[in-house]
Amino acid sequence: MTNAPHPVDRDPSGLSSAEAARRLEHYGPNNLPETPLPGVLQIFARQFLSPFIYILLVAALVSLALAQIPNAIFIFAVLLLNAAIGSVQEYSAQKSAAALRNMVRGQAQVIRDGSTQKIDIEFLVPGDVVLLASGDKVPADLELLSAQELGVDESMLTGESMAVEKSPYRSQVGDVSVAERYGDCFAGTIVTHGRGRGLVVATGQSTQLGLIADQVTGEVEADPPLVIRIRRFTYQVAGIILIAIATLLAMMVLRGGYDLQSMSLMVVGLAVSTIPEGLPAALTVALAIGMNRMAKHNVIIRKLVAVEALGSCTFICSDKTGTLTVNELTIRRILLPDGSVADVSGEGVNPGGEIGADPGPALTELCVTGVLANESHLDYAGGEWTSHGDIVDVAFLVLAKKLGLSLSSIRDEQEREHLIPYESEKAFSGSINRQSGELAAHVKGSPEKVLSMCNRMLVGDEVADIDEAAIEAQFTAEAARGYRIIALGRRSMTSASTDDALTDMVFLGMVAMIDPVRPEAREALERCRTGGVEVAMVTGDHPATARAIAIDLGLCDENDDVVSGAMIQQANARGEFEADDIIRSARVFARIAPEQKRQIVESLMRAGHFVAVTGDGVNDAPAMHQSHVGVAMGKRGTDVAKEAAEIIITDDNFASIVDGIEQGRIVYNNIRKVIALLVATGFSALLLFFLTVAAGLPMPLLAVQLLWLNLIANGVQDVALAFEPKEGGELARPPRSPREPIFDRHIIEHVLVAGGIMGALAFLVFAWLNYQDYSIEAARNLTLMLMVLFGNVHALSSRSETRSLLRIRFFSNPFLVLAVPAAQLVHIAAMYVPGISSVLGLSPIALQEWLGLAAVALLFLAAEETHKWILRRRERGPRHGTP
């Protein structure tokens, strides 16, 4: 396929579905070739790129040099098996992440079969007519058919940071650069403001973006901060272990009695067995599991590290509409300038309701302006009403239908000359229309904005001087009841100049809309409070409306202040400290501008909070980008918001965010459990060797046995532990401090206690066996079985840091329940397999010997349970007792 634009018919009415299907088959899907995922062989080869693997390779070469052929073969076998396990884990995680990313696909608004539809951008074809709005990502290369104040950010293609003003009348002829093609829009660029309609002329690799597809799709993502921190922790622990091994080696040399060959193999084997080299793989698996679990709660993760980051947040700045409310605006009351009020019945987009007033001139004029200053569509198809466009616009179309007006007749009779699209900074939208040769401007927006444009008002069928005080009293009273208020105005004109249109207007009245609170939002906010996560509502609504919604949600009470954008502006004039004071104490913010939302986030971050920000529009992107975790709305979110976010909520529901926080905490807890398991196991092996050398006993385990122990004790059980479900109560505790190290006091205590007990008990058993005149081979065989049993019991005990194993549902993690007996059975089987048993120095043991070792392992479990009891008592205090 070439990179030239496709030859297409310039039909502004769009395509039929049949023709679109034919062209899709001809041109192919509208996407760029993605960077291919690494294949199985590439993933397998990558498993050997680790300093720890290099140590194992050195061990194998040392074994060969010392003519220890069986040891060398076994080490190579361990390398291959570890690589196979790591490859399966990484490949599965990779496929899961790719599948989740595909769940949130970009969409475009097009005209097909004569109506406006939303389709996945991959199904766009040359000849489609695409509608653009502020916040959209341009889905393909377009030739503009029309534009209203359309600005596009083309920095990704041209490097120009300023938005480019676009117009079909500025088309360039001939060979000009992309930056000078003002009549075209290009795939991947962002609409910063305005509206437009364009004809698709190139898709996929034929777009300008396709020319640089290699650079766009060939980027390699850097490791997320959490993975880097874990890796740094692993190296630190490895350094400590190597120092300990060097000390142990010095002790062995000073005491004497150990040959160089045995010491060399022991040192390398002990180093490999005690270094938690399996941690990065287990970490990736834990995060991938978290991604899948979050997806089931309508939380799609765009960046892997956000799985854990969401669980760390201490403060959520949430928008209101559609997140805390249901995002189904319905006009409930009409407020006319003469003081009369008309109630409106009905719900949602179904116009099956009534207006409790006679359709007089004032009411009709208000509804007509609501239809004209409007970009949405309302259609009846397939036995139900469907809508496209902004929910405020849709509500006005529904109102007009309830009054009995014909939407098509109004729009046909009053042809639009110019559109003034809604932008959050302007707080209004409008249009200039021509009817019977006469022009009129129609606007709707916030009462404050529309009032500032008006100097007269419509009373009945006459125009009178405006009574601003009475109108302000009207909308303040309705806003205090939780309604969203939209005002409307119109003006006859002699020209289509927008400068003249926005002054000396006639005020037509207001409507009071309601967007009910989501029933589940109250419970979700309570869960946040219980979990120590603070929540603030940040909205552009009127302060009185924001207060009413916040009181309904339980975010504030009648005596709490609502901080407005004007108040923040005034505080800024007095200094940053003044602004911080009013921001940090408030939980409801109203009439907030985009830059002020970012300032709120920065202030909370300076106070030490780990901040998550929800948003759906272009105006939310700066704050989302500034925050620790950006959360975009999947249904109504703009492409700009989704690009700025690490997380996308597919149902736009605040309760889903809280579910994601809970899952993030579960993931972090599981990471801690894996760390504690690996480090404690390594410490127990070190302690066993220290004690035996100090006692002058022979080495308790051979190098090859240490390698086998590492494979059996940790190879599968640590990964299975990452599948651990929630314990319960994750949101009953405050969030961890963002500055808290992973290897904290609790894990250090666990390593010393659990690892110390395992190492000490293993030493006592090994010493007793030597005292009982067991051969050194038999003593090592039984000691190795005991260490395997310790690993089994320790993996089960690690399912909770503080809860008793007896209080955890045994089969809630089937992976671990299967991994533990599997590890034991594999070790027992190795005793009976010729070749493997001789290499490992294994031999079958009697049932009574196994039962005796199992009893020692249960003694360790009892010690672990006692330690957990002490921890629970310490946390609860002696007065509360223990569970």
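What counts, and where the lines are drawn
- Residues numbered from 1 in each chain as written.
- Predicted model: local features only at pLDDT ≥ 70, side-chain atom pairs only at ≥ 80, totals over all residues.
- Heavy atoms only, no water.
- Helix = DSSP H or I, 4+ residues; strand = E, 2+ residues; numbered from the N terminus.
- Buried < 20%, exposed > 50% of the residue type's maximum accessible area, 1.4 Å probe, protein only.
- Contact = heavy atoms within 4.5 Å.
- Areas by Shrake-Rupley, 256 points an atom, 1.4 Å probe, with all protein chains shown as cover.
- Expected span 1.5 Å × (residues − 1).
- pLDDT = per-residue confidence, 0-100.
- Phe/Tyr/Trp six-rings, centres within 6.5 Å; stacked < 30°, edge-to-face > 60°.
- Pairing = 2+ DSSP bridges.
- 1 Å grid on protein atoms, 1.4 Å probe; cavity = no way out; pocket = protein on both sides within 12 Å on 5 of 7 lines; lining within 4 Å.
- Points joined across faces, edges and corners; volume = space filled by probe spheres on them.
- Nonpolar A, V, L, I, M, F, W, Y, C, P; charged D, E, K, R; others polar.
- Axes fitted to C-alpha atoms, helices over the stretch in contact; angles between N-to-C directions.
- Parallel < 35°, antiparallel > 145°, perpendicular 65-115°, else oblique.
- Left-handed = near helix turned anticlockwise from the far one by under 90°.
- Salt bridge = Lys/Arg side-chain N within 4 Å of Asp/Glu carboxyl O.

A. Just the overall build of the protein chain, in detail. When you go through the protein chain residue by residue, the secondary structure sums to 32 helices and 26 strands. Within the protein chain, the proportion of its 883 residues that are buried is 53%. In the protein chain, 71% of the contacts between residues at least 6 apart in sequence involve partners at least 24 apart. By element, 56% of the accessible surface of the protein chain is carried by carbon and sulfur atoms, the whole surface being about 37600 Å².

B. Quick peek at helix H12 (residues 361-372). The terminal C-alpha atoms of H12 lie 16 Å apart, and with twelve residues this matches the ideal 16 Å at 1.5 Å per residue to within 8%. The buried fraction of H12 amounts to nine of the twelve residues, a majority that puts the element mostly inside the structure. What H12 keeps buried is the set Ala 362, Leu 363, Leu 366, Cys 367, Val 368, Thr 369, Gly 370, Val 371 and Leu 372.

C. Region of the structure containing the confidence of the model for the protein chain. Of all residues in the protein chain, 84% have pLDDT values of 70 or greater, and the mean over the chain is 82. Note that residues 214-225 has pLDDT below 50 and, in this model, ten contacts with residues that lie over four places away or in other chains. This model gives residues 878-883 a pLDDT under 50, and the stretch forms eight contacts once residues within four places in sequence are excluded.

D. Summary view of the environment of Arg 527. Mapped onto the secondary structure, Arg 527 falls in helix H18 (residues 519-530). Counting along the chain gives 204 residues from Arg 527 to Leu 731, while the straight-line C-alpha distance between them is 6.6 Å. Residues in contact with Arg 527, not counting those within four places in the same chain, are Val 658, Asp 659, Glu 662 and Leu 731.

E. Main features of the packing of aromatic side chains. Per the counting criterion, the structure on display carries four aromatic pairs. With 5.1 Å between their ring centres and 55 degrees between their planes, Tyr 380 and Trp 385 make a pair best called tilted. Ring geometry for Phe 790 and Phe 860: centres 5.6 Å apart, planes at 65 degrees, overall edge-to-face. Residue Phe 790 is located in helix H29 (residues 776-797), and its partner Phe 860 is located in helix H32 (residues 847-876); the two are separated by 70 residues in the primary sequence. With respect to class, Phe 790 is no different from Phe 860; both count as buried.

F. Summary view of the sheet that holds strand S24 (residues 611-615). Strand order in the open sheet formed by eight strands is S8-S26-S25-S24-S9-S21-S23-S22, and the pairing between neighbours is mixed. Only two strands of the sheet have a single partner each, and these edge strands are strand S8 (299-301) and strand S22 (563-564).

G. Expanded view of the environment of Glu 154. Among the secondary structure elements, Glu 154 is positioned in the loop between strand S4 (141-153) and helix H5 (155-158). With relative accessibility at 1%, the residue Glu 154 sits in the buried group. Counting along the chain gives 36 residues from Glu 154 to Ile 190, while the straight-line C-alpha distance between them is 6.9 Å.

H. Structural view of empty space enclosed by the protein. Per the counting criterion, the structure on display carries six cavities of 30 Å³ or more. In this structure, the largest cavity occupies an estimated 120 Å³ of space. The dominant element in the lining of the largest cavity, judged by the number of residues it contributes, is H32, at four residues. The class makeup of the residues in the lining of the largest cavity is three nonpolar, six polar and four charged.

I. Highlighting H32. Over its 30 residues, H32 extends 43 Å from the first C-alpha to the last, a length consistent with the 44 Å expected when each residue adds 1.5 Å. Residues of H32 that are buried: Leu 853, Ala 854, Val 856, Ala 857, Phe 860, Leu 861, Glu 864, Glu 865, His 867, Lys 868, Leu 871 and Arg 872. Looking at the buried side of H32, the elements it contacts are helix H28 (745-771) and H29.

J. Representation of the pairing of S24 in the model. Most of S24 is tucked away: five of the five residues are buried. The pairing of strand S9 (residues 315-318) with S24 spans three bridges and is classified as parallel. Each residue of the ladder has a partner; that of Ile 316, found in S24, is Ala 612. Sheet analysis places S24 next to strand S25 (residues 629-633), joined by four bridges and oriented parallel. By the bridge assignment, Gly 615 is partnered in S25 with Ala 632.

K. Structural context of the packing of H12 against helix H13 (residues 391-402). At their nearest, the axes of H12 and H13 sit 8 Å apart, and the two run at 140 degrees to each other. By the angle class used here, H12 and H13 are oblique. Relative to H13, the crossing made by H12 is left-handed. Contacts between H12 and H13 involve Leu 366, Cys 367, Gly 370 and Val 371 from the former and Phe 396, Leu 397, Leu 399 and Ala 400 from the latter. For the contact of H12 with H13, the residue count by class is seven nonpolar, one polar and no charged.

L. Spotlight on the pattern of salt bridges. Considering all chains together, one arrives at 28 salt bridges under this definition. A salt bridge links Glu 448 to Arg 591; its shortest N-O distance comes to 3.0 Å. Placement of the pair is Glu 448 in helix H15 (residues 447-453) and Arg 591 in the loop between strand S23 (588-590) and helix H22 (594-606), with a sequence separation of 143 residues. On the basis of relative accessible area, Glu 448 is assigned to the partly exposed category, the value being 35%. Overall, the relative accessible area of 29% leaves Arg 591 in the partly exposed class.

M. Spatial organisation of the environment of Pro 700. Take Pro 700: it is sitting in the loop between helix H25 (654-694) and helix H26 (703-714). C-alpha of Pro 700 to C-alpha of Phe 763: the two residues are 63 residues apart in sequence and 8.1 Å apart in space. Ignoring anything within four residues of it in the chain, the contact list for Pro 700 reads Leu 688, Phe 689, Thr 692, Phe 766 and Arg 780.

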